[in-house]
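Below are the chains, spelled out letter by letter.
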Amino acid sequence: VGLMLHILTSQKTMKLLPASRRRATQKVVIGDHDGVVTCFGIKKGEAMPVFKTLPGQRITRLELGGALNTPQEKIFVATGSEVRGFTKRGKQFLSFETNLTENIKAMHISGADLFLCASYIYNHYCDCKDQHYYLSGDKINDVLCLPVEKLSCIRPILACQDRVLRVLQGSDLLYEVEVSGPPTVLALNNGSGGDSGEELLFGTSDGKLGLIQVSSASPVHKWEIRNEKKRGGILCIDNFDILGDGVKELLVGRDDGMLEIYNFDSTNEPVLRYDHALSESITSIQGGCVGKDGYDEILASTYSGWVTGLTTEPIHREGGSGEELKISQEMQNKISSLRNELEHLQIKVLQEREKYQQSSRSSTALSAVPAFSVNDKFTLNKDDASYSLILEVQTAIDNVLVQSDVPIDLLDVDKNSAVVSFSGCDSEPNSNFLLSTYRCQANTTRLELKIRSIEGQYGTLQAYVTPRIQPKTCQLCQYQIKPLSLHQRTHFIDHDRPMNTLMLKGHFSFAEIHSWVVFCLPEVPEKTPVGDSVTFYFQNTFLDTQLESTYRKGEGFFKSDNISTISILKDVLSKEATKRKINLNISYDINEASVNHTLKLIHPKLEYQLLLAKKVQLIDALKELQIHEGNMDFLIPEYRCILEEADHLLEEYKKQPAHLERLYGMITDLFIDKFKFKGTNVKTKVPLLLEILDSYDQNALIAFFDAAA
C-alpha cells in the first residue's frame with residue numbers, strides 16, 4: 001500500500017495501535033507538522049479514517065503508553081513544550097504543559113513515568129510531577145528507559161550528539177558509553193530489552209547500527225554493523241517477526257530512503273536479509289498487520305507524508321491456465337478510483353490557478369509567497385573527509401543554486417541524477433569562488449551534494465532551493481565552512497605523538513573563548529559547557545592528525561601533531577580576539593619532530609594518488625595496444641592488471657578531483673608554517689619544493705625540509 005497524506009512528519013511520529021486479537025488488522029496513528037494526530041485503518045487498499053484532531057504546534061514525537069503489563073493503546077504526542085494524551089478513539093484526556101523553556105525534541109513513556117528532552121535538558125516526570133533533571137554536555141537526539149518491569153529500577157539513557165550514550169540514575173550521570181558515531185535513535189532489543197531487559201539498540205547519523213548491554217555497573221558492546229555500503233543515517237528502528245520464523249527481525253529506516261530488514265545468524269549477529277529503496281527519508285518504521293487479516297506488513301512513513309506498506313500477502317493471483325497473471329476486480333476498481341481522483345485534482349488545480357491569475361491582476365492584489373519546508377543536513381564524512389549536504393523538500397525540486405565564498409571542490413554523488421552546470425565567477429573583489437546550478441529531474445524531492453573544503457579557508461556555503469511550485473519562490477539555506485573544517489570530534493587521542501602547543505592568556509571569559517572554539521571547529525556544542533574548564537579531542541579526517549583543546553576563563557591550551565593546525569588556530573583566534581578588542585598573550589612550543597611525523601602520515605596518501613594518476617595516464621595507450629594486438633597476453637602482469645581494473649581506476653580518479661593538488665597544498669603549507677614560527681619567510685623556496693614533489697621521493701622531501709633552514 002502507498003498512501004499520500006499531504007503532511008510533513010518528524011522522526012518517530014507514527015505507531016500501530018495494538019490489535020484486538022492476534023494477526024487482526026491494526027490502526028495507524030501519525031502526528032504531523034500541522035499539529036494534527038490522524039488515526040486510520042486500511043480496507044481494500046483505501047485509508048478509512050478513525051479520527052483526526054485539530055491543528056496546533058508541530059508534533060515532534062508520538063509514543064504509545066498505558067499501565068504497565070497492559071496493552072499500550074493510549075496515544076501521547078509532544079507538541080511545543082506540551083504533552084497531550086488521546087484515547088484510541090481520539091478523545092483527549094491529557095494536556096500537560098511542562099516547565100521546559102524549549103520545544104520537546106525527544107520523549108519516552110513507561111507506565112506513569114514520562115521522560116522528556118529539549119536540546120540539552122532532560123526531565124523525568126511521574127504522574128505529571130517533576131522527579132529528576134539533568135543538563136547534558138551536548139545536544140540530546142533521543143531518550144529511552146530500560147523496562148522497569150524487568151529491572152525493578154528506572155534507568156534512562158540519553159543519545160547525545162557528541163557520540164556518547166549517557167546512562168542516568170535519578171538526576172545524576174551513572175556512566176557514559178562511547179559509540180562510533182552521533183547516535184540519532186534508540187530502541188529496546190527485541191522490543192523488550194532482551195532476556196535481561198538491558199539490551200539497547202542504537203543507530204547513528206553516519207549509518208552505523210549497534211547493540212549494547214547497559215548494566216548497572218558498566219556497558220558491554222555486543223555487536224556493531226559498519227556502514228560499508230555508504231547508506232544514509234538511521235532515523236528509526238523496530239523489532240518485528242516479518243519472516244514468520246518465530247524470531248523478531250530488525251527493521252531499520254534511513255534518511256536516504258533505504259528500508260532494511262536484518263535477521264540473526266547462529267552467533268546472534270545481524271545479517272541484511274532484504275532492503276527496499278524509497279525516494280524520501282524514512283521518519284518512522286513499524287511492523288504489524290494493517291491491510292488484511294493474517295498478513296503481516298512493514299509500514300514506513302516518510303518526511304513528506306507518504307505512508308508505505310510492504311506486505312507478505314501475495315499480490316498477483318493466477319488465472320486461466322495458471323501461467324497468466326490478471327488484475328483482480330478489487331485492483332481494477334482501485335485504479336479507476338485513483339484515475340477519477342487524479343482528474344478531479346487536475347481540474348481543481350486549473351481552477352485555482354486561473355483564480356490566482358485573475359486576483360493577481362486586480363488593483364488590490366497582494367503578493368502571496370507560498371511557504372515550503374526544507375529538511376537539510378550538513379555533515380562531515382570520516383571515510384573520505386568530505387561534507388554531505390542533503391536537501392529534502394516536501395514538493396518536487398526544480399533547481400538548487402550553490403554559491404560559496406571559499407574555495408571548495410564539488411564531488412560526484414552516484415545517487416544524484418540532477419544535471420549540474422558551473423558558472424564563471426570572480427573571486428575578487430566579491431570573494432565568490434563557486435557558482436553552480438543543479439537542475440533536478442521531475443519528482444525529485446531529495447538532493448545530495450558532496451563537497452571538500454580546504455582547512456584555513458573559511459566562510460559560508462549557500463544553497464538557494466527552488467521547488468516546482470507557482471508562483472516561483474526560493475529559500476536560502478546557509479552553512480558555515482569552519483577554519484578547521486576537516487576535524488571531527490573523537491573520544492581519545494595518542495598522547496605519545498610529537499605535539500606542538502599553542503597557549504593563550506588574556507582577559508576573556510569562559511563563554512568568549514568557547515565561542516571562538518565553536519567558530520573554529522565543527523561538532524562543538526554552541527552552549528557553554530558546565531564547569532570551570534573543558535577538554536575536547538579532534539581528529540583530522542583527511543590526514544589523521546589530532547588536536548587537543550583545553551580552555552577555561554583567561555587561558556587556553558591547544559596541542560596538535562600538525563604544525564599547520566596550530567598556525568590556523570593562532571591566526572583565527574587572534575583575529576577573533578582583536579574583533580572584541582581583547583589583548584591576547586600568545587606563546588607556542590614547537591616540536592621539530594612533528595613535521596617529519598606529519599610528512600610520514602601524508603606519504604601513503606600521496607604515494608597512492610601519484611600511482612593512481614600514473615596508471616590512469618597509461619590506460620588509453622594500453623587500450624590502443626590491446627586493440628592493435630588483439631589480446632593482452634604480450635603485456636607484463638602489471639599492465640594487464642591496469643587494463644582489467646581500468647573502469648575502477650577511472651571511477652576512483654573521477655571521485656577525487658584535485659586530490660593530488662590538495663596534498664601538494666598541505667605539504668606546502670606545512671613547509672611555510674614550520675619556518676613561520678621561526679620567523680623565516682620561505683615562500684621563495686616553494687617552486688623548489690614543487691619540483692621535488694613532481695619527482696616525489698619521501699627521503700628527498702624530508703631532507704629538503706631539514707636543509708631549508
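Owing to the predicted nature of the structure, the values given are computational and were not obtained by experimental measurement.

What to know about helix α5 (residues 593–629)
- Counted at 1.5 Å a residue, the expected span for α5 with its 37 residues is 54 Å, and the 53 Å between its end C-alpha atoms agrees.
- The largest bend along α5 measures about 35 degrees and falls at Ile 619.

Considering the nonpolar core
- Ranked by internal contacts, the top residues of the largest apolar core, which has 79 residues, are Val 400, Leu 606, Ile 667, Leu 701 and Phe 705.
- Here this core gets eight residues from one element, more than from any other, and that element is helix α8 (residues 659–676).
- Sequence-distant contacts of Leu 701, that is, excluding residues within four places in its chain, are made with Leu 599, Ile 667, Leu 689, Ile 692, Leu 693 and Tyr 696.
- Counting residues in each nonpolar core, the second largest holds 16 residues, with Ala 159, Tyr 175, Val 179 and Val 214 among its members.

Let's talk about the sheet that holds strand β45 (residues 584–589)
- Strand order in this open sheet of six strands is β40-β42-β43-β44-β41-β45, and the pairing throughout is antiparallel. The open sheet terminates on both sides in strands that have one partner only, identified here as β40 (487–490) and β45. Between one strand and the next, the sheet's axes are offset by a mean angle of 20 degrees, whatever the strand orientation.
- Summarising the sheet, β40 and strand β42 (residues 533–540) pair through four bridges and their orientation is antiparallel. Looking across to β42, one finds that Thr 490 is bridged to Tyr 537.
- Seen against the sheet, helix α3 (residues 510–520) touches β42, β43 (546–552), β44 (555–560) and β45 and runs at an angle of roughly 160 degrees to β43.

What about the pattern of salt bridges?
- With the rule as written, the count across this model stands at 34 salt bridges.
- One salt bridge in this structure joins Lys 15 and Glu 63, with 4.0 Å as the shortest N-O distance. Within this pair, whereas Lys 15 is found in strand β2 (residues 14–16), its partner Glu 63 is found in strand β6 (residues 59–65), the two being separated by 48 residues in sequence. A single burial state applies to Lys 15 and to Glu 63, both of which are buried.
- Linking Glu 592 and Lys 678 is a salt bridge whose minimum nitrogen-to-oxygen distance equals 3.2 Å. On the criterion of sequence distance, the pair formed by Glu 592 in the loop between β45 and α5 and Lys 678 in the loop between α8 and α9 (686–694) is long-range, its members being 86 residues apart.
- Because the salt bridges share partners, they merge into one network encompassing Asp 138, Asp 162, Arg 166, Glu 176 and Arg 489.

Brief notes about the packing of α8 against α9
- As a packed pair, α8 and α9 sit with axes 11 Å apart at the nearest point and diverge in direction by 140 degrees. The orientation of α8 relative to α9 falls into the category oblique. Seen from above, α8 lies across α9 with right-handed handedness. Counting all contacts with α8, which are made through Tyr 664, Ile 667, Thr 668, Phe 671 and Ile 672, the residues of α9 involved are Val 686, Leu 689, Leu 690, Leu 693 and Asp 694.
- For the contact of α8 with α9, the residue count by class is eight nonpolar, one polar and one charged.

What counts and how
Residue numbers run consecutively from 1 along every chain, following the written order of its sequence. In keeping with the model being predicted, local features are shown solely for residues with a pLDDT of at least 70 and side-chain atom pairs are shown and tallied solely at 80 or more, while totals for entire chains, interfaces and linings include all residues. Computation of side-chain values: all heavy atoms of the structure, hydrogens and water removed. For helices the rule is a DSSP run of H or I covering at least 4 residues; for strands it is a run of E covering at least 2, with both sets numbered from the N terminus onward. Multiplying 1.5 Å by the helix residue count minus one yields the expected span of that helix. What is called the bend at a residue is the angle between a pair of axes, fitted to the seven residues leading up to and ending at it and to the seven starting from it. In this text, buried Ala, Val, Leu, Ile, Met, Phe, Trp, Tyr and Cys residues form a nonpolar core when linked through side-chain atoms within 4.5 Å. Think of it in three bands: residues with accessible area under 20% of the maximum for their type are buried, residues over 50% are exposed, and the middle band is partly exposed, with areas taken using a 1.4 Å probe on protein chains only. Note on contacts: a residue pair is in contact if any heavy atoms of the two residues lie within 4.5 Å. Two strands are counted as paired when DSSP detects at least two bridges linking them. Each axis is a line fitted through C-alpha atoms, taken for helices only over the stretch in contact, and angles between the N-to-C directions span 0 to 180 degrees. Between Lys or Arg on one side and Asp or Glu on the other, a salt bridge is scored when a side-chain nitrogen of the former is within 4 Å of a carboxyl oxygen of the latter. What sets the label is the angle itself: under 35 degrees gives roughly parallel, over 145 gives roughly antiparallel, 65 to 115 gives roughly perpendicular, and the rest give oblique. When the near helix sits turned anticlockwise from the far one by under a right angle, the crossing is termed left-handed; a clockwise turn instead gives a right-handed crossing. Any residue outside Ala, Val, Leu, Ile, Met, Phe, Trp, Tyr, Cys, Pro, Asp, Glu, Lys and Arg is labelled polar, Gly included; the first ten of those are nonpolar and the last four are charged.

The quantities given are spatial measurements derived from coordinates; they are silent on function.
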